[in-house]
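The chain contents come next:
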Amino acid sequence: MTHAMLKGSNVPLEATAVRAVLRWTPGQGVPDVDASALLLGADGRVRSDEDFVFYNQPRHPSGKVWRLGKKRVSQGLAEGLTDTIQTDMAGLDPAVHRVLLVASAENTAFENVRALRILLYDAGAGEAEPLAYFDITPQTGAETALICGELYRRGEVWKFRALGEGYLNGLEGLAGDFGISVDESEAVPEPSTEASLPQPYPQRQPLPEAATQAQAPGPGQSPGPGPSPQVPAPQPFPAPAPQPAYGYPPEPPRHQPAPQPSYGYPQHPPAHAAPVPQPSYGYPQPVAPMPDPNFRLPPQGPQFLAR
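Residues numbered from 1 in each chain as written. Predicted model: local features only at pLDDT ≥ 70, side-chain atom pairs only at ≥ 80, totals over all residues. Heavy atoms only, no water.

Draft legend 1. Spatial organisation of the overall build of the protein. The number of helices and strands found in the protein is 2 helices and 12 strands. Ordered by position in the sequence, the α and β elements of the protein form the string β-β-β-β-β-β-β-β-β-β-β-β-α-α. Burial analysis of the protein (307 residues in total) assigns 30% to the buried set. Put simply, 66% of the contacts in the protein that link residues at least 6 apart link residues at least 24 apart. Summed over all atoms, the accessible surface of the protein reaches about 22300 Å², with 56% contributed by carbon and sulfur. (Helix = DSSP H or I, 4+ residues; strand = E, 2+ residues; numbered from the N terminus. Buried < 20%, exposed > 50% of the residue type's maximum accessible area, 1.4 Å probe, protein only. Contact = heavy atoms within 4.5 Å. Areas by Shrake-Rupley, 256 points an atom, 1.4 Å probe, with all protein chains shown as cover.)

Draft legend 2. Examining the pattern of salt bridges more closely. For the structure shown, the criterion picks out 10 salt bridges. With a shortest N-O distance of 2.7 Å, D34 and K70 are connected by a salt bridge. Note that D34 is positioned in strand β4 (residues 33–40) and K70 in strand β6 (residues 65–75), a separation of 36 residues in sequence. Given a relative accessible area of 4%, D34 falls into the buried group. Between K64 and D88 there is a salt bridge whose closest N-O contact spans 3.9 Å. Placement of K64 in the loop between β5 (52–53) and β6 and of D88 in strand β7 (residues 78–88) is noted, with a sequence separation of 24 residues between them. Judged by its relative accessible area of 26%, K64 falls in the partly exposed class. (Salt bridge = Lys/Arg side-chain N within 4 Å of Asp/Glu carboxyl O.)

Draft legend 3. Focus on helix α1 (residues 170–177). Of the positions making up α1, those classed as buried are G170, L171, G173, L174 and A175. Of the surrounding secondary structure, the elements contacted by the buried residues of α1 are β4, β5, β8 (98–105), β11 (145–154) and β12 (157–167). G179 sits one or two residues past α1 and shows a positive phi near 100°.

Draft legend 4. How the structure looks around the environment of T144. On the secondary structure map, T144 appears in the loop between β10 (132–135) and β11. Residues T144 and L171 lie 27 residues apart in sequence; the distance between their C-alpha atoms is 7.4 Å. Every residue in contact with T144, bar those within four places of it in the chain, is listed here: S104, A105, T108, A109, F110, Y167, L168, N169 and G170. A polar contact of 3.4 Å, which involves the side chain of T144, links it to the backbone oxygen of L168. (Polar contact = N/O pair within 3.5 Å; in protein donor to acceptor, adjacent residues only side chain to side chain.)

Draft legend 5. A look at the sheet that holds β8. Read from one edge to the other, the open sheet built from 6 strands follows the order β2-β12-β11-β8-β4-β5, with strand pairing classed as antiparallel. Every interior strand has two partners, whereas the edge strands, β2 (10–13) and β5, have only one. In the sheet, β2 pairs with β12 via 4 bridges, with the strands oriented antiparallel. Looking at β12, one finds that V11 is bridged to F160. (Pairing = 2+ DSSP bridges.)

Draft legend 6. Focus on the nonpolar core. Counting 38 residues, the largest nonpolar core has L22, I118, L151 and F160 as its most contacted members. Those residues in contact with F160 that lie beyond four places of it in its chain are M5, S9, N10, V11, L13, L101, I118, L120, G149, E150, L151 and Y152. If you look at the next biggest cluster of nonpolar residues, it comprises 17 residues, including L40, Y55, L100 and A145. (Core = buried A, V, L, I, M, F, W, Y, C linked by side-chain atoms within 4.5 Å.)

Draft legend 7. Region of the structure containing the pairing of strand β9 (residues 114–122). Pairing geometry for strand β3 (residues 17–25) and β9, over 7 bridges, is antiparallel. By the bridge assignment, A20 is partnered in β9 with L120. Judged from the 4 bridges that link them, β9 and β10 form a sheet pairing that is antiparallel. Bridging across to β10, L119 finds its partner in Y133.

Draft legend 8. Geometry of the pairing of β10. A one-sided burial pattern is seen for β10, the buried positions being A132 and F134 and the unburied ones Y133 and D135. Here strand β1 (residues 3–4) runs beside β10; their pairing, made up of 2 bridges, is parallel. When the sheet's bridge partners are listed, A4 is paired in β10 with Y133.

Draft legend 9. Highlighting the packing of aromatic side chains. On inspection of all chains with the given rule, the structure shows 2 aromatic pairs. Taking the centre distance of 4.3 Å and the plane angle of 10° together, the rings of F52 and F54 count as stacked. The class for F52 is buried, based on a relative accessible area of 6%. The class of F54 is buried, set by a relative accessible area of 16%. Taking the centre distance of 5.3 Å and the plane angle of 65° together, the rings of F54 and Y55 count as edge-to-face. As far as burial versus exposure is concerned, F54 and Y55 are alike and both buried. Here the aromatic residues F52, F54 and Y55 are joined through ring pairs into a cluster of three or more. Seen from the ring of W66, R59 lies directly overhead, with NZ or CZ sitting 4.8 Å from the centre. (Phe/Tyr/Trp six-rings, centres within 6.5 Å; stacked < 30°, edge-to-face > 60°. Lys NZ or Arg CZ within 6 Å of the ring centre and 35° of its normal.)

Structure follows, in structure tokens:
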């Protein structure tokens, strides 16, 4: 028989081990909910930080209280998400008098969580009907952590009580009230249910301008405290001269005209005579004409002229 619990009501448990299942309906804007447990002594406080079972410490050192993790389940035509804490009451240390069953949402109020319910199952009965359930309604809606219920001793009998008590300062504030020392600088948030999905590869970001202007010190120099010197911009390489196609003679170089001297100054003789062009390979060489041996120059000058 399943007991429908009201706030403040309790029910005795015949089971020696139970699963406390938190269930809610996911949707747009609905935060992720985490289940956790606190093992309290007779003074209502934890004996040490090891008595806090949550996402960063999912198993108690005794092995009698542990977190099973989240699952996606079917609720008729709708889907739901669950997070589960299992407790073996028969194996708990006699110094443990209460086990608080807690729900928390990371920096989000529970007014955004739909259809929040805690269900208690006999851990040894498989998929049987729940022993009890409690529909949790936040008192103000601004709560970020809730004590959904508790397992507690009464003599040799364990009982379950529905509570629904809220905290405005989250899981850290709730745990601190029961003796847990929370270091917020070392707190690691619970990964969301979307963390297991593949994420796009991050785009490579360009280096800052200061990093691109950094320059290593030269030999015998030490880096000074002043600003790093700027690296000169790279100069473009000169384009190579075009080469003639295969089988064609190379193009003769184009020489610039030599500068001419100013007007009124003597002309400078060329340093080198222009080379005599040679005939192309395979053509006959030119032959200089032979002088006539009978050729005589006429007498020169007026004294040689006939009178």
